[in-house]
Amino acid sequence: IGMRSPGLTRTRSPTASRSTGTRSSCRPHQGQGPEYSPPPVVAVPSADIGTVEITPNILVLEWPSVVLYPAGYFARQIAVEAELRTPAGWHLASALGQAEASASTTAFQRTDLETLMDSPVYAGRLFKRVELDPGGPTPVFLDLFAERPQALESTPAEITAHRSLIQQAYKLFGSRHYRHYDFLLGLSEALEDIGLEHHECTEVSAKPNYFTEWDKTQDFRDLLPHEYVHSWNGKFRRPADLWTPKS
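Residues numbered from 1 in each chain as written. Predicted model: local features only at pLDDT ≥ 70, side-chain atom pairs only at ≥ 80, totals over all residues. Heavy atoms only, no water.

### Remarks on the overall build of the chain
Quick reminder of the rule: Helix and strand labels come from DSSP, where a helix needs a run of H or I of at least four residues and a strand needs a run of E of at least two; each type is numbered from the N terminus. Think of it in three bands: residues with accessible area under 20% of the maximum for their type are buried, residues over 50% are exposed, and the middle band is partly exposed, with areas taken using a 1.4 Å probe on protein chains only. We call two residues in contact when some of their heavy atoms are within 4.5 Å.
If you tally the helices and strands in the chain, you get four helices and 15 strands. Residue burial in the chain is summarised as follows: out of 247 residues, 42% are buried. In the chain, the proportion of contacts linking residues at least 24 apart, taken out of those at least 6 apart, comes to 70%.

Spelled out as C-alpha cells, the structure:
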C-alpha cells in the first residue's frame, strides 16, 4: 500500500495484500476458465481472532486501518493519492477512480482523505461484475468476489431483483447523487459478516449460497437495500443532530 499527500513524505507499509513481484488488475472479469483450481479455503478458527478481512482468495481493505495522516486538519482538506499492489491474477473493485494500473500496482485518482476513508477496496482471485442499471446515466455495479467459481453463478431472475432495487430507489428518492455506485459483495464462509454503507458503495459479506440457494437466503437479502438507502439517508443527507460539531 502506498500513500502520498502534498507536503508529506511518501511512506509505505507492508500488509498481507502486498507481495514482491505480483501484479494487479482492475478490468471487469467474468470469472476464471474451466481449468482454474483455487487454493483451499482456510476455515475460520474458533477462537476470537478479531475481524477477518483476508482469505487466500479475497481481500477487504479498509483504509482507516492502514492510513496515518497529520492531525489538526479536516480530512476533506487533505489531498491523497493511494496505490495498492495485489497478488498476481487478482482483480479489484472500489468506489475510487483508478488513474492507472501497471504490472504490479493500481494507482487511484487523487482524492481527499475523507473520500478515501469512505471507499473500501475489495480484491480477489474470482471476480464478476454485473451492471445493475444498463444504459442508465449513472453506472451501478454489483461486484462479486468468491472463494469458489460456483458462488458467482446467478440466474436472470436473481439479477432482475437487484436491478429492480435500483429503479425503486430512484422512484423513492428522486435523485442520483453519486457519480457511480458499487455493491461490493464478498461470498465467503471465512470473511467477517458485515454490512456497511458508504456514499458511493456498500460493502457486504454473505455466505457462498447467496445465489446458489436463492430460496434459502430471504432473511439476508434485505441487507443490500438497507445499506443502499443509507447512501441517501446518512451520507447524501445527514440529520443535523448527527453531524459532528467543528469544536
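### Digging into the sheet that holds strand β14 (residues 195–197)
Spelled out, the test is: Two strands pair if DSSP finds at least two bridges between them. Note on method: axes are straight lines fitted to C-alpha atoms, helices fitted across the in-contact stretch only, with angles between N-to-C directions ranging 0 to 180 degrees.
The five strands are arranged β11-β12-β13-β15-β14 in an open sheet whose pairing can be described as mixed. Because the sheet does not close on itself, it has two edges, and the strands there are β11 (126–131) and β14. Each strand axis lies, on average, 15° off the axis of its neighbour in the sheet, ignoring direction.

### Some remarks on the pattern of salt bridges
Basically, it comes down to this: Criterion for a salt bridge: a side-chain nitrogen of Lys or Arg within 4 Å of a carboxyl oxygen of Asp or Glu.
Applying the stated criterion across every chain, the model contains seven salt bridges. Of the charged contacts, one joins aspartate 143 and arginine 129 as a salt bridge, the two residues approaching to 2.7 Å between their closest N and O atoms. One end of the pair, aspartate 143, is in strand β12 (residues 140–146); the other, arginine 129, is in strand β11, and 14 residues separate them in sequence. The partly exposed category is assigned to arginine 129, whose relative accessible area is 21%. Residues arginine 179 and glutamate 200 are paired through a salt bridge, measuring 2.6 Å at the closest nitrogen-oxygen approach. Separated by 21 residues along the polypeptide, arginine 179 in the loop between α2 (156–173) and β13 (181–187) and glutamate 200 in the loop between β14 and β15 (201–206) bring together distant segments of the chain. Salt bridges sharing common partners tie together Arg129, Asp143 and Asp182.

### What to know about the side chain of aspartate 182
Just so we agree on the cut-off: Pairs of N or O atoms are called polar contacts if they sit within 3.5 Å, as long as, within protein, a hydrogen donor faces a hydrogen acceptor (for residues adjacent in sequence, only side-chain-to-side-chain pairs).
Note that aspartate 182 resides in strand β13. Here arginine 129 takes part through its side chain, which lies 3.1 Å from a polar atom of the side chain of aspartate 182. What aspartate 182 contacts, discounting residues up to four positions off in sequence, is Ser94, Ala95, Arg129, Phe141, Asp143, Glu200, Cys201 and Thr202.

### Section: a nonpolar patch on the surface
Test applied: Residues enter patches when they are more than 30% accessible in relative terms and free of salt bridges; like-charged ones are connected within 9 Å and nonpolar ones (Val, Leu, Ile, Met, Phe, Trp, Tyr) within 5 Å. In this description, accessible areas are obtained by the Shrake-Rupley approach with a 1.4 Å probe, and a residue is regarded as covered only by the protein chains that are shown.
Together, Leu172, Phe173 and Val229 make up a nonpolar patch on the protein surface, roughly 250 Å² of accessible area in all. Looking at the element boundaries, valine 229 is found in helix α4 (residues 223–229).

### Observations concerning the nonpolar core
Note the threshold: Note on terminology: a nonpolar core comprises buried Ala, Val, Leu, Ile, Met, Phe, Trp, Tyr and Cys residues joined through side-chain atoms within 4.5 Å.
Grouped together as the largest cluster of nonpolar side chains are 28 residues, with contacts concentrated most on Leu142, Phe183 and Tyr228. Counting residues per element, the ones that place at least two in this core are β11, β12, α2, β13, β15, α3 (209–212) and α4. Counting residues per element, this core draws most heavily on α2, which supplies five residues. Setting aside anything within four residues of it in sequence, one finds phenylalanine 183 in contact with Leu132, Val140, Phe141, Leu142, Asp143, Leu165, Ile166, Thr202, Leu224 and Tyr228. Formed by 16 residues, the second largest nonpolar core is a distinct cluster that contains Leu61, Val80, Leu84 and Leu96.

### Overview of α2
Because an α-helix packs 3.6 residues into every turn, residues spaced three or four apart end up facing the same way. Just so we agree on the cut-off: Helix span is expected to be 1.5 Å times the residue number reduced by one. Comment: arc refers to directions from the helix axis out to C-beta atoms.
Over its 18 residues, α2 runs 26 Å from end to end, which matches the ideal 26 Å to within 8%, given 1.5 Å per residue. Looking only at α2, the buried set comprises Glu158, Ile159, His162, Leu165, Ile166, Ala169 and Tyr170. Buried residues of α2, viewed axially, fall in a sector of 140°; they line one side. Exposed side of α2, more than 90 degrees from the buried face: Pro156, Ala157, Lys171 and Leu172 are the residues found there. Glycine 174 lies just past α2 and shows a positive phi near 70°.

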